[in-house]
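Structure at a glance
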Amino acid sequence: MLSSRLAMLSIGFALAAVPALAQQDKPVAKVDGITITEGDLKLAEEDLGERTAQMPEERKREELINYLVDLKLGAKTAAAAKIGDGPEFAKRLAYNRDKLLLDEYLTSEAKKAATPEAAKKLFDDTVKAMKPEEEVHARHILVPEEAQAKAALERVKKGEDFAKVAAELSKDPGSGKEGGDLGWFAKDRMVPEFAEAAFKLEKGQVSEPVKSQFGWHVIKLEDKRTKPLPSFDEVKPQIDQYLVRKAQQDIIVALRDKAKVERLDKPAAPATPAPAEPKKP
């Protein structure tokens, strides 16, 4: 009974694969009698990568077909000229075969490591190890002279809107037009003098003039928070990429560890002489 069920499952999987295989073999063009298939288009798309990635689908398809037409014509002409009969071509062909075999092996094996369970475990372990990081949301007014900073601060103390004064006076090309808004930032993102002053403030508080290498600042703290951690879904693509790369590196290291590698372009290292036996009394 069990063997019958397994046989039926195998037949089911095989039948499910037939449409996909048929699609790969579907002809799309002929050049001098040579057939170009959907499978050829897929390989060409992988090979060209970024050159066609941003193209609209219809244009991409035309580009790939034209590329394959040129490739088939060129390869046919090169074969007639016996370009592939020389020893140098044979060496290059063997090299590219080795490279393609390794790439395919690493790709197939590394996929086994990038499982949903492995990705979630890496995310959970990383989050547990991360220390909470404080961020602040601040605005500032940047001016060249201390007297100008004091004058700006005085206007704010008298009730003028900080953002309005910043938009009028601040020389910061990035935040000036935005009312001095710097958004959320961690302490290490700002120069030390500015960061120290900003992180000492309480919500809504405005600093005395602070000097940095950029000039004089008046800082207003809008809010404080613990930096939110990214969600699993946000970082899953990066986690999967890391797991694949690590698995590939581990495979290569393991292969090297098991292999006997001999460097024939260097003299062998001299053998370490055995220690002399102590003289007998």
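The structure under discussion appears in the preceding block.
Residues numbered from 1 in each chain as written. Predicted model: local features only at pLDDT ≥ 70, side-chain atom pairs only at ≥ 80, totals over all residues. Heavy atoms only, no water.

**Overview of the pattern of salt bridges**
For the record, the criterion: Whenever a carboxyl oxygen of Asp or Glu lies within 4 Å of a side-chain nitrogen of Lys or Arg, that contact is scored as a salt bridge. Starting at the N terminus, helices and strands are each numbered in turn, a helix being any DSSP run of H or I of at least four residues and a strand any DSSP run of E of at least two. Three exposure classes are used, based on accessible area relative to the maximum for each residue type with a 1.4 Å probe and protein chains only: buried under 20%, partly exposed in between, and exposed over 50%.
On inspection of all chains with the given rule, the structure shows 22 salt bridges. One salt bridge in this structure joins Glu57 and Lys60, with 3.5 Å as the shortest N-O distance. Here Glu57 pairs with Lys60, and both are found in helix α4 (residues 57–80), just three residues apart, close to one helical turn. Ionic pairing is found between Lys150 and Glu146, a salt bridge with its closest N-O pair at 3.7 Å. In this pair, Lys150 and Glu146 both sit in helix α7 (residues 146–157), four residues apart, roughly one turn of the helix. Its relative accessible area of 47% is what places Lys150 among the partly exposed residues. Linked by salt bridges that have partners in common, Arg155, Glu160, Lys164 and Glu168 make up one network.

**Things to note about the side chain of Ser207**
Our working definition: Only heavy atoms enter the contact rule, under which two residues are in contact if any of them lie within 4.5 Å.
Structurally, Ser207 is set in the loop between α9 (192–200) and β5 (210–212). By relative accessible area, which is 5% here, Ser207 ends up buried. Discounting chain neighbours no more than four positions away, the residues touching Ser207 are Leu153, Leu201, His217, Val218 and Ile219.

**Side note on the pairing of strand β3 (residues 134–143)**
Keep this limit in mind: Two strands are counted as paired when DSSP detects at least two bridges linking them.
The element β3 is extensively covered by neighbouring structure, given that nine of its ten residues are classed as buried. Of the pairings in the sheet, the one linking β3 to strand β6 (residues 215–226) comprises ten bridges and is antiparallel in character. Directly across from Glu134, in β6, lies its bridge partner Thr226. Note that β3 and strand β4 (residues 181–186) share four bridges and pair antiparallel. In the sheet register, Val136 faces β4, and the bridge partner there is Phe185.

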